[in-house]
Amino acid sequence: MREYWKKNLGYMVALLSVWAVVSYGCGIFFVEQLNAVRIAGFPLGFWFAQQGAIYFFVVLIFAYYVLMQRLDRAYDVHE
Amino acid sequence: MSIQTWTYIMVIGTFGIYLTIAWMARVKDTKGFYVAGGGVPALANGMATAADWMSAASFISMAGLISFMGYTGSIYLLGWTGGYVLLALLLAPYLRKFGKFTVPDFVGDRYYSSTARVVALVCAIFVSLTYVAGQMRGVGIVFSRFLEVDVNTGVLIGMAIVFFYAGLGGMKGITWTQVAQYCVLILAFLIPAVAISMKITGHVLPQFGFGGRIVGGPDSGAYLLDTLNRIGTDLGFSEYTSAFGAGQKSMLDVFCITLALMVGTAGLPHVIIRFYTVPSVRAARLSAGYALLFIAILYTTAPAVAAFARYNMVNSLSGATYASAPSWFRNWEKTGLIAWMDKNGDGVIQYHAGAPFQGKPAYADGAGAMGQRMLTNAPTASPNELYVDRDIMVLANPEIADLPAWVIALVAAGGLAAALSTASGLLLVIASSISHDLYYRLINRQASEKRQLLIGRIMIGVAVCIAGYFGINPPGFVAQVVALAFGLGASSFFPIIVLGIFWKRANKYGAIAGMVGGIGFTMLYIVQTKFLGAAPWLLGISPEGIGVVGMCLNFALTIGVSLVTEQPPVEIRELVERVRIPRGAGAALDH
């Protein structure tokens, strides 16, 4: 069980790092640098802050769901 | 048919649906009343959570706010969605496994302390009350704008509807009406958004139109966002897409507000308790994903609507004569949401940065030279002549896009759905805090099922009346206290729950010290800066963002005090072990 919990924490740290990078990194701290890059009509930093980060959030939650489904089965703690 | 007739049809029709659902979902036991029997499918819980979460403010005001704030509006977009990642990864699965009825339940059991339970229930009631007052007001305002009934009558109608379905069906009734309310509000938001996107950029999806080129008009062929930047600078505003410029919030402030809103979201009791209603830990993880997906549909559309509405408004009004202004301008001038003061008497609407006059529009009798409504406000020195209430950006959208009357009626129904769904979730938190946490857990542990249920229903009634009272007599501080709700969510519940799950060593002394310290500091700062007029003295952080500092303080105190006091008892450490393992969540409801 110790191992199960460690792996769970590992997934969380990895996914929360992505969470922090897309929202705070790309959307706030480096928004000015990224705004120099353009994709279609969007300055990239602005896109992350008002669109991109939200898409990432949705993907992150579903990714955690899938990873934990597998982990629960591997350690036989699923319902 | 007229807009008014359509609005009656839409509003009465949707209310009929909610009441029918409530009648079908009526409950007879406390498990049904507090957590919908714990059997709500993940998809339905996702929709219900989305409706629960998206309030009148998200539906009516947010796009308008962004449209005036440009990049800085991202604090709401990021802040009110990013918290779901924290919920899904850090809280929801474990709270579901713990499997009780309320948030104070977890705090009281995990920290084996009635004091901690009382502190938690006071926080839960306070946070929810501040929030619900605004919702009832929102119901009244939608009624008065679209159906021309008095605001107070609107509030009373809203109270009656909410009392009927929340009192009858408790969490079960609320859940299934919220599913219906989500469908109404998302359609009401998307239909005008798609239409206006096609009109301005030719893209069906507003998310693409946002970054697309303008079709038609004087700016044909240019990118929408480039045009907004250019128009903005011409009129003396800062660029729409640029960050941290003059007159905008600093990077540190944007960071703090965003984080406070995220953490506050994850700490709001009415959101957390939705995850007690699903059948398993797996379903809790999945429904958090669905919830954010359904929220993201609105939250990625809103900034696009903000940009379209801004372009449309400036393009059709700035420099136009009053006589040639589009008809929606005169329609909404009647409601006082938009006003024009012809300061230089040339009959042309001049739009620039800065307020046109002091305060909200106050009208004199009679019409001006051009037929405009005359104002009695004292003009400012700014060359700006146009007053625009931010709510108009969503409310007037269907007319700006020349959509048929039934769409305008649908927007009214959507605004009501957004306000009612959030209000009902909050009312249940207030009622369950008193009837379950206070009465059953602390006063009368022997109370029968029937008696608990009766008290729960009475408390819904009491909570509806209090909310209605604040809706009819809005205290001047309602807008300010929203900052307080998030600040308290962030500085009270979030750190305590996270540490309770992830750190076995956390004990009751730490938790009580942490909650009291975190809340105390946050409240002090907000009261100082919002009510006593002090400047934001801590690194210039706005009161909206101070919850982050309160949260850090709470974490530090809980950890520090726990380490210098004794370990929690062995059964608590075992409880934490059990909460971490998904198996057996179905049987965990042992009340």
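Parameters and conventions
Numbers given to residues run from 1 along each chain, matching the order in which its sequence is written. Here the convention is simple: chains get letters from A, ligands get numbers from 1, in the order in which they are written. Where local features are concerned, this predicted model is filtered to residues with pLDDT of at least 70; where side-chain atom pairs are given and counted, the filter is 80 or more; whole-chain, interface and lining totals use all residues. With hydrogens and water stripped out, all remaining heavy atoms of the structure feed into the side-chain values. Where helices and strands are cited, they refer to DSSP runs of H or I of at least four residues and of E of at least two residues respectively, numbered from the N terminus. Here the term buried applies to any residue with accessible area under 20% of the maximum for its type, exposed to any over 50%, and partly exposed to those in between, with areas from a 1.4 Å probe on protein chains only. Pairs of residues are marked as contacts when any of their non-hydrogen atoms sit within 4.5 Å. Counted charges follow a simple rule, with Lys and Arg positive, Asp and Glu negative, and His plus the chain ends left uncounted. In this description, the location of a charge corresponds to atom NZ of lysine, CZ of arginine, CG of aspartate or CD of glutamate. Just to be clear, the radius of gyration here is over C-alpha atoms, and the globule rule we use is 2.2 Å times residues to the power 0.38. Each accessible area is a Shrake-Rupley estimate made with a 1.4 Å probe; only the visible protein chains count as cover when residues are assessed. One less than the residue count of a helix, multiplied by 1.5 Å, gives the span that helix is expected to have. Buried area is a sum: the accessible area each of two parts loses on coming together, probed at 1.4 Å, counted once for each and added. We define a polar contact as two N or O atoms separated by no more than 3.5 Å, with the added condition that, inside protein, one atom must be a possible hydrogen donor and the other a possible acceptor, whereas residues neighbouring each other in sequence contribute only through side-chain atom pairs. In this count, Pro and Cys sit with the nonpolar residues alongside Ala, Val, Leu, Ile, Met, Phe, Trp and Tyr, while Asp, Glu, Lys and Arg are called charged and the others, Gly among them, polar. Under the pairing criterion, centres of Phe, Tyr and Trp rings, with the six-membered ring standing for Trp, must be within 6.5 Å; the plane angle then separates stacked pairs below 30 degrees from edge-to-face pairs above 60, leaving the rest tilted. Bear in mind that the domain bounds are from an automatic or database domain assignment. Axis lines are fitted through C-alpha atoms, for helices just across the contact stretch, and the angle between N-to-C directions can take any value from 0 to 180 degrees. The labels follow the angle: roughly parallel below 35 degrees, roughly antiparallel above 145, roughly perpendicular from 65 to 115, and oblique for the rest. In this scheme the crossing of two helices becomes right-handed for a clockwise turn of the near helix relative to the far one and left-handed for an anticlockwise turn of less than a right angle. By definition, no residue in a patch forms a salt bridge, and every one has over 30% relative accessible area; like charges are joined within 9 Å, nonpolar side chains (Val, Leu, Ile, Met, Phe, Trp, Tyr) within 5 Å. Salt bridges are defined as contacts in which a side-chain nitrogen from Lys or Arg sits within 4 Å of a carboxyl oxygen from Asp or Glu. The criterion is simple. A nonpolar core is a set of buried Ala, Val, Leu, Ile, Met, Phe, Trp, Tyr and Cys residues joined through side-chain atoms within 4.5 Å. Two strands are said to pair when DSSP picks up at least two bridges between them.

Chemist: What should I look at first to understand the overall build of chain B in this one?
Modeler: Regarding its fold elements, chain B presents 22 helices and 4 strands. Considering only C-alpha atoms, chain B reaches an extent of 80 × 50 × 45 Å along its principal axes. Within the span of chain B, comprising 591 residues, buried residues form 63% of the whole. Put simply, of all contacts in chain B between residues at least 6 apart along the chain, 80% involve residues at least 24 apart. Positive and negative side-chain charges in chain B, numbering 38 and 28 respectively, have mean positions lying 12 Å apart.

Chemist: Would you take a moment to explain the overall build of chain A for this structure?
Modeler: Across its full length, chain A carries 3 helices and 2 strands. Beginning at the N terminus, the succession of helices and strands in chain A can be written as α-α-β-β-α. Computed over its C-alpha atoms, the radius of gyration of chain A comes to 16 Å, more than 25% above the 12 Å expected for a compact globule of 79 residues. Looking at the 79 residues of chain A, the share that counts as buried comes to 51%. Surface accessibility of chain A: about 3700 Å² in total, with carbon and sulfur atoms responsible for 70%. Here chain A holds 6 positive side-chain charges and 5 negative ones, and the gap between their average locations is 6 Å.

Chemist: Can you walk me through unusual backbone geometry in this structure?
Modeler: A negative phi holds for most residues other than glycine; trans holds for most peptide bonds. Backbone geometry places A:Asp76, a non-glycine residue, at a positive phi of 55 degrees. When you line up the elements, A:Asp76 lands in the segment after α3 (44–74). Phi at B:Tyr112 is positive, roughly 35 degrees, even though this residue is not glycine. Position of B:Tyr112 among the secondary structure elements: in the loop between α6 (103–110) and α7 (114–147). Note on B:Tyr112: relative accessible area 24%, which makes it partly exposed.

Chemist: Help me understand helix α18 (residues 449–472) of chain B in this model?
Modeler: Note that an α-helix has 3.6 residues per turn; residues three or four places apart therefore point the same way. Residues and elements named next belong to chain B. Taking 1.5 Å per residue, 24 residues should reach 34 Å; α18 reaches 35 Å between its end C-alpha atoms and fits that length. Gln-452, Leu-453, Ile-455, Gly-456, Met-459, Ile-460, Gly-461, Ala-463, Val-464, Ala-467, Gly-468 and Gly-471 are the residues of α18 that are buried. The inward-facing, buried residues of α18 abut α2 (30–35), α7, α8 (151–201) and α17 (405–443).

Chemist: Help me out: how do you make sense of the interface of chain A and chain B in this one?
Modeler: When the parts come together, some accessible area is lost, and that loss is often what is quoted as the size of the interface. Every contact between the two is made by 44 residues of chain A and, on the other side, 55 residues of chain B. Both sides of the chain A and chain B interface together cover about 4300 Å² of buried area, and 70% of this is carbon and sulfur. Counting across the chain A and chain B interface gives 14 residue pairs in polar contact (both at pLDDT 80 or more). Looking at the side of chain A that touches chain B, the elements that each hand over two or more residues are α1 (2–29), α2 (31–34), β2 (42–43) and α3 of chain A. Looking at which element gives the most residues to the side of chain A that touches chain B, the answer is α3(A), with 18 residues. A per-class count over the side of chain A that touches chain B returns 30 nonpolar, 9 polar and 5 charged.

Chemist: What should I look at first to understand the packing of aromatic side chains in this one?
Modeler: Note on aromatic pairs: each is described by the distance of the centres and the angle between the planes. Residue and element names in this part refer to chain B. Using the criterion set out here, one finds 35 aromatic pairs over all chains in the structure. Relative to Phe-189, the ring of Phe-59 has its centre 5.7 Å away and its plane inclined at 65 degrees; by these criteria the two rings are edge-to-face. Here Phe-59 is found in helix α4 (residues 56–69), whereas its partner Phe-189 is found in helix α8, with 130 residues between them in sequence. No difference in accessibility class separates Phe-59 from Phe-189, as the two residues are buried. Geometrically, the ring pair formed by Tyr-322 and Trp-340 is stacked, given 5.2 Å between the ring centres and 10 degrees between the ring planes. With Tyr-322 in the loop between α13 (281–317) and α14 (327–333) and Trp-340 in strand β1 (residues 338–340), this pair connects stretches of sequence that are 18 residues apart. Looking at Tyr-322, the relative accessible area reads 2%, which means it is buried. Residue class for Trp-340 comes out buried when judged on its relative accessible area of 1%.

Chemist: Would you mind showing me how to read the domain arrangement of chain B here?
Modeler: All names here are of chain B. Split into domains, chain B comes out as domain 1 (3–312 + 402–584) and domain 2 (321–400). Between the C-alpha centres of domain 1 and domain 2 the distance comes to 33 Å. Of the residues lining the interface, 26 residues belong to domain 1; the matching set on domain 2 comes to 15 residues. At the boundary of domain 1 with domain 2, total buried surface from both sides reaches about 2000 Å², with 68% on carbon and sulfur atoms. For domain 1, the biggest contributors to the area lost against domain 2 are Phe-68, Arg-145 and Leu-235; these three give 26% of the whole.

Chemist: Sorry if this is basic, but what is going on with the packing of α6(B) against α7(B) here?
Modeler: When two helices pack together, their arrangement is given by the angle between their axes and by how far apart the axes lie. Residue and element names in this part refer to chain B. Taken N-terminus to C-terminus, the directions of α6 and α7 make an angle of 160 degrees; their axes are 8 Å apart at the nearest point. As summarised for this structure, α6 and α7 are arranged roughly antiparallel, according to the angle between their axes. As for the relative orientation of α6 and α7, their crossing is right-handed in sense. Of the residues in α7, those touching α6 at Pro-104, Asp-105, Val-107, Gly-108 and Asp-109 are Ala-116, Arg-117, Ala-120, Leu-121 and Ala-124. Tallied by class, the residues present in the contact of α6 with α7 amount to 6 nonpolar, 1 polar and 3 charged.

Chemist: Explain a nonpolar patch on the surface to me, please; I cannot follow it from the model alone.
Modeler: Residues B:Val118, B:Val122, B:Leu438, B:Leu442 and B:Ile443 make up a contiguous nonpolar surface patch of about 390 Å² in total accessible area. Of the residues forming the nonpolar patch, the biggest block, 3 residues, is contributed by α17(B).

Chemist: Quick question: what am I supposed to make of the pattern of salt bridges here?
Modeler: Pairs can form between side chains of opposite charge whenever their charged atoms are close. Residues and elements named next belong to chain B. All chains considered together, the criterion is met by 12 salt bridges over all chains. Residue Arg-117 pairs with Asp-109 through a salt bridge whose shortest N-O separation is 2.8 Å. For the residue pair Arg-117 and Asp-109, the accessibility class agrees, reading buried in each case. Taken together, the salt bridges that share partners define one network made up of Lys-100, Asp-105, Asp-109, Arg-117 and Arg-441.

Chemist: For this particular structure, what's the right way to read the nonpolar core?
Modeler: The nonpolar side chains of soluble globular proteins are, as a tendency, buried together. Counting 228 residues, the largest nonpolar core has A:Trp19, B:Trp53, B:Tyr299 and B:Phe329 as the members making the most contacts within it. The biggest single contributor to this core is α17(B), with 21 residues. In this structure, this core is formed jointly by two domains, domain 1 (3–312 + 402–584) and domain 2 (321–400) of chain B, each of which donates at least three residues.

Chemist: Any chance you could explain the environment of B:Thr30 here in plain terms?
Modeler: All names here are of chain B. Within the element layout of this structure, Thr-30 appears in helix α2. Distance from Thr-30 to Leu-454, taken between C-alpha atoms, is 9.5 Å for residues 424 residues apart in sequence. With near-sequence residues (within four places) excluded, Thr-30 lies in contact with Val-35, Phe-101, Glu-449, Gln-452 and Leu-453.

Chemist: Sorry, what's going on with the side chain of B:Gln181 here?
Modeler: Structurally, the position occupied by B:Gln181 is in helix α8. Setting aside chain neighbours within four positions, we find B:Gln181 in contact with B:Tyr18, B:Tyr165, B:Ala417, B:Leu420 and B:Ser421.

Chemist: What exactly am I supposed to notice about the pairing of strand β2 (residues 363–367) of chain B here?
Modeler: For a regular strand, side-chain orientation follows a simple rule: the groups alternate between the two sheet faces. Residues and elements named next belong to chain B. The buried count for β2 comes to 0 of 5 residues, which makes it a mostly uncovered element. One ladder, built from 2 bridges, connects β2 with strand β3 (residues 373–375); its direction is antiparallel. Paired with Tyr-363 across the bridge in β3 is Leu-375. Hairpin remark: β2 followed by β3, antiparallel, with 5 residues in the connecting loop; positive phi at Gly-371, about 95 degrees.

Chemist: For this particular structure, what's the right way to read the environment of B:Cys552?
Modeler: All names here are of chain B. In this structure, Cys-552 sits in helix α21 (residues 547–564). For Cys-552, a relative accessible area of 43% puts it in the partly exposed group. Expressed as a C-alpha distance, the spacing of Cys-552 and Pro-495, which sit 57 residues apart in the sequence, is 8.2 Å.

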